[in-house]
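Observations on chain architecture
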Amino acid sequence: MSGQGASRSIAPDLAGALLAVCLGAYAIYETKDMSDLGAVFPTAAGTLCILGGVALTLLAFKNRSRPSDLTLERPDWPRMVALSVVLLAWAVLLKPLGFIISSLVGMTAVVWLTWRGAATVKAVVVHAVALAILMVGFYSLMVFVLRIAVP
Amino acid sequence: MLESLWSALSPFNLTLAFFGVIAGTLIGSLPGLSATMAVAVLVPFTFAMDPASGLIALGAVYTGAIYGGAYSAILVNTPGTPAAIATAMDGFPMAKRGDGDLAVTLSCIGSVIGGLVGALALLFLAPPLSTIALAFGPVEYFWLAIFGLSLIATLSKGNTLKGLIGGAIGLLLACVGSAVVGGDVRYTFGQVQLLGGIPVIPALIGLYCIPVLINLVVKPDDHLERRTAQVKGFRLLEALGLMWRSKVNVLRSSVLGTAIGILPAAGGSVAGLVAYSEAKRTSKTPEEFGKGATDGIIASETANSATVGGGFIPTLVLGIPGTPPDAIILGALLVQGIRTGPQLFTQQADIVFTFVMGLLIATILMLPVGLVMGRYAFKLIINIPKTALTPAVALLTVIGAFAIEVNTVHVLIMIILGIISWLIARIGFEASPIVLGLILGPIAEAGFVQAWLIGGAQGNIPAMFFTQPISLAIIAMTVLTLVTPFIAERRKRMKGVKT
């Protein structure tokens, strides 16, 4: 963990540089099957990524004695991963389960992940009503006003 | 012209303008439900109206939608429309420190002033200004897009190098799908759904909104500071004072917005970003930008609203729509039997002038409507418990990504890009440069390839790129934009060494 005034950790910069170089190398490798004009922009963007990654690495080592301007907090990884899974499942199940059921399940899961206090009966009822109002409101907007064909 | 004003002020037209602004603001404030969608929804209803009334309704919805995008940009860090990308940069930091009401009021006043300047340009200068659109060929668009990309140097908060890498990543994302010219299939991993490329609106929602949603869930603290919610209200006088102090910025952003609105395909997002960058470049306190600078919001909102009137200039005079909503309105005009062209302003002057007057009135109506709606939106967001806000934001992101083309793959793309955006934000990469690359990449590539082919056919490619006067002016602006932050950084360091 690094913070303002703390000695600089170069790990975030090195991770960013590695990402940029890998992405750039892959982008350029893929241009082998493209036409000359079709390859111009991917090659340019890939080259920028690689050069940027190399420059970022050099600067990270050069500036490692300077205080860091990047404040990293330890994230709540289990909640983050669970939320990502919920959102991805919501997207995948949107068609098979339909808009209403998938959204109700998805929103309930998001509330559960956000919840930190005690779950009293009153709080649960209030949230259930709020979710129902949200669903009815957005469903009506989509179907009756905007005439979007929801699954 | 006076007759047109009275016609626009008829109770029916006033009612249309009033409800049009409300509907547009509401739709524009919801991420993913764009100005294009708001205008498209209304088109069938206008067929039963007389042409001027129909146009007033469409213009009011469009104006309201462009402004409405500021609400979600300021309050949840998610631009409701691409035009509000730059608004989020300072709007959300202001909301976080408890000044969301002031940010909303500033965006409202800025939008009204920008909208009025754009509409007045449409009223008085449409025929001569429309020639600007014709002066832009592929090579000018290429350089304009490169200029837009150079704004990354200004927009990057603190780390220009990471901003440039982010811009390159955005360019790579823009390359996904069939190539603009030539039809090469690039980076699709064999997925047919990616042939059309990365959809911009779902990408925008993902890159901006999903990180906010993840932070809402993983962090135990409040979404926004609650200290000022019940005390300050509209803060109208304070906002007017800030606008007056920022009058040069307001004027410059209005003119930039109108001029960029005239250029087909450039639109509100480019105008907002260019005006924001210019405001930062000329500011005495550029270090405040990105941390809640009022000048940033004023520049972005004034410019993006000015594009509405500016965009109508080529649409009405040349029949070339500047933005997708303009294209829909052009279609509505054709259905009504109105032929666009230079003669429109003489042969059907009554309809055109009534429409422009209606647009002016709708823009003025935006002030009370925007202030009242903005105040309640801020109070709602600030008082709503986080456990109720997160499912609403989650539903909005899913609906917004899905609604554009009724496509679940877009929802998946939005979520994946959002998770990546949150992860790379932890190592110092911001969403804005990536979005800039994604939006400007196709414009730059199409302009480059077309200019290359034309230059090749003429036998002199370098002359094509480097001898046109407009191109040279844009190249000079690009160099200036790229060099300024480095000079400023160097001066700052020199000052630091001296003290």
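Within an unreviewed UniProt entry, the label attached to chain B reads DUF112 domain-containing protein, and the organism entered is Litoreibacter roseus.

Where an unreviewed UniProt entry is consulted, chain A appears under the name DUF1468 domain-containing protein, with the organism given as Litoreibacter roseus.

This part takes up the overall build of chain A. Within chain A, the secondary structure is distributed over five helices and zero strands. Ordered by position from the N terminus, the helices and strands of chain A form the series α-α-α-α-α. Rg of the C-alpha trace for chain A: 24 Å, well past the compact-globule value of 15 Å for 151 residues, more than 25% over. For the C-alpha atoms alone, the extent of chain A along its principal axes is close to 55 × 50 × 25 Å. Burial statistics for chain A: of 151 residues in total, 40% are counted as buried. Expressed as a percentage of contacts within chain A between residues at least 6 apart in sequence, the contacts between residues at least 24 apart total 69%. Each charge sign in chain A was given a centre, from 11 positive and 7 negative side chains, and these centres are 12 Å apart.

What follows is about the overall build of chain B. Looking only at helices and strands, one finds 22 helices and two strands in chain B. Relative to a compact globule of 499 residues, whose C-alpha radius of gyration would be 23 Å, chain B shows 22 Å and is just as compact. Reported as C-alpha extents along the three principal axes, the dimensions of chain B are approximately 70 × 65 × 55 Å. Looking at the 499 residues of chain B, the share that counts as buried comes to 64%. Considering only intrachain contacts with a sequence separation of at least 6, the fraction spanning at least 24 residues in chain B is 79%. Here chain B contributes 28 positively and 22 negatively charged side chains, and the mean placements of these two sets differ by 12 Å.

Residues and elements named next belong to chain A. Where nonpolar side chains cluster on the molecular surface, the patch consists of Val-92, Leu-93, Leu-97, Ile-100, Ile-101, Leu-104 and Val-105 and spans about 570 Å² of accessible area. For the nonpolar patch, the elements supplying multiple residues, two or more each, are α3 (77-97) and α4 (99-114). Looking at which element gives the most residues to the nonpolar patch, the answer is α4, with four residues.

We note that the domain assignment places domain 1 (11-62) and domain 2 (77-145) within chain A. Each of domain 1 of chain A and domain 2 of chain A has a C-alpha centre, and the two are 39 Å apart.

This next bit is on the nonpolar core. Membership of the largest hydrophobic core comes to 133 residues, with the highest contact counts inside it found for Trp-90 of chain A together with Leu-106, Leu-122, Phe-312, Leu-316 and Val-411 of chain B. It is helix α17 (residues 349-383) of chain B that contributes the most residues to this core, 19 residues altogether. Apart from residues lying up to four places away in sequence, Trp-90 of chain A is in contact with Ser-102, Ser-103, Gly-106, Met-107 and Val-110 of chain A together with Ala-394, Leu-395 and Val-398 of chain B. Leu-149, Ile-165, Leu-263 and Phe-465 of chain B belong to the second-largest nonpolar core, a separate cluster that totals 74 residues.

Residues and elements named next belong to chain A. Residues annotated by UniProt as "transmembrane region" (unreviewed entry) correspond here to residues 37-61, 81-112 and 124-150. Segment residues 37-61 splits into 100% helix and 0% strand. End C-alpha atoms: 37 Å apart. Helix makes up 97% of residues 81-112 and strand 0%. Its end C-alpha atoms lie 14 Å apart.

We now examine helix α10 (residues 200-218) of chain B. Over its 19 residues, α10 of chain B extends 27 Å from the first C-alpha to the last, a length consistent with the 27 Å expected when each residue adds 1.5 Å. Largest kink in α10 of chain B: about 35°, centred on Cys-209 of chain B, with the proline Pro-211 of chain B one to four residues after it.

Tallying the contact residues gives 61 residues for chain B and 68 residues for chain A. At the boundary of chain B with chain A, total buried surface from both sides reaches about 5,500 Å², with 82% on carbon and sulfur atoms. Scanning the region where chain B abuts chain A turns up one salt bridge. Asp-13 of chain A serves as the salt-bridge partner of Lys-162 of chain B, at 2.6 Å between the closest nitrogen and oxygen. In this structure, the connection of chain B to chain A is made through eight residue pairs in polar contact (both at pLDDT 80 or more). Among the secondary structure elements, those contributing two or more residues to the side of chain B that touches chain A are α3 (35-46), α9 (160-175), α10, α18 (386-403), α19 (408-425) and α20 (431-458) of chain B. Broken down by class, the residue content of the side of chain B that touches chain A amounts to 49 nonpolar, five polar and seven charged.

Here we come to the state of the cysteines. For the structure shown, the criterion picks out zero disulfides over all chains. Distance from the sulfur of Cys-49 of chain A, which forms no disulfide, to the nearest cysteine sulfur (Cys-175 of chain B) is 10 Å. For Cys-49 of chain A, a relative accessible area of 0% corresponds to the buried category. Looking at Cys-175 of chain B, the relative accessible area reads 2%, which means it is buried.

What follows deals with the confidence of the model for chain A. All names here are of chain A. Confidence along chain A averages 85 in pLDDT terms, with 91% of residues attaining 70 or more. Averaged pLDDT values for the elements of chain A fall to 85 in helix α5 (residues 121-145) and rise to 94 in helix α1 (residues 11-30). Overall, residues 1-6 carries pLDDT values under 50, and its contacts beyond four positions in sequence, including any with other chains, amount to 18 contacts.

Counted at 1.5 Å a residue, the expected span for helix α2 (residues 36-62) of chain A with its 27 residues is 39 Å, and the 38 Å between its end C-alpha atoms agrees. Looking only at α2 of chain A, the buried set comprises Gly-38, Ala-39, Phe-41, Pro-42, Ala-45, Gly-46, Cys-49, Gly-52, Gly-53, Leu-56 and Ala-60 of chain A. Of the surrounding elements, those touching the buried residues of α2 of chain A are α1 of chain A together with α7 (138-150), α9, β2 (185-186) and α20 of chain B.

Residue and element names in this part refer to chain B. As for its placement among the helices and strands, Thr-188 is situated in the loop between β2 and α10. Thr-188 gets classed as buried once you look at its relative accessible area, which sits at 8%. Aside from chain neighbours lying at most four places away, what touches Thr-188 is Gly-177, Leu-194 and Leu-195.

Our focus in this paragraph is the pattern of salt bridges. Residues and elements named next belong to chain B. In total, this model carries ten salt bridges over all chains according to the counting rule given. Between Arg-186 and Glu-445 there is a salt bridge whose closest N-O contact spans 2.8 Å. Within this pair, whereas Arg-186 is found in strand β2, its partner Glu-445 is found in helix α20, the two being separated by 259 residues in sequence. The buried category is assigned to Arg-186, whose relative accessible area is 1%. Residue classification places Glu-445 among the buried residues on the basis of a relative accessible area of 4%.

Procedures and definitions
- Residues numbered from 1 in each chain as written.
- Chains lettered and ligands numbered in written order.
- Predicted model: local features only at pLDDT ≥ 70, side-chain atom pairs only at ≥ 80, totals over all residues.
- Heavy atoms only, no water.
- Helix = DSSP H or I, 4+ residues; strand = E, 2+ residues; numbered from the N terminus.
- Rg over C-alpha atoms; globule rule 2.2 N^0.38 Å.
- Buried < 20%, exposed > 50% of the residue type's maximum accessible area, 1.4 Å probe, protein only.
- Contact = heavy atoms within 4.5 Å.
- Lys, Arg positive; Asp, Glu negative; His and termini not counted.
- Charge placed at Lys NZ, Arg CZ, Asp CG, Glu CD.
- Patch = residues over 30% accessible without salt bridge, like charges linked within 9 Å, V, L, I, M, F, W, Y side chains within 5 Å.
- Areas by Shrake-Rupley, 256 points an atom, 1.4 Å probe, with all protein chains shown as cover.
- Salt bridge = Lys/Arg side-chain N within 4 Å of Asp/Glu carboxyl O.
- Domains from an automatic or database assignment.
- Core = buried A, V, L, I, M, F, W, Y, C linked by side-chain atoms within 4.5 Å.
- UniProt positions renumbered as here; feature names shortened; annotations may be inferred.
- Expected span 1.5 Å × (residues − 1).
- Bend = angle between axes of the 7 residues up to and from the residue.
- Buried area = accessible area lost by both parts, 1.4 Å probe.
- Polar contact = N/O pair within 3.5 Å; in protein donor to acceptor, adjacent residues only side chain to side chain.
- Nonpolar A, V, L, I, M, F, W, Y, C, P; charged D, E, K, R; others polar.
- Disulfide = S-S within 2.5 Å.
- pLDDT = per-residue confidence, 0-100.

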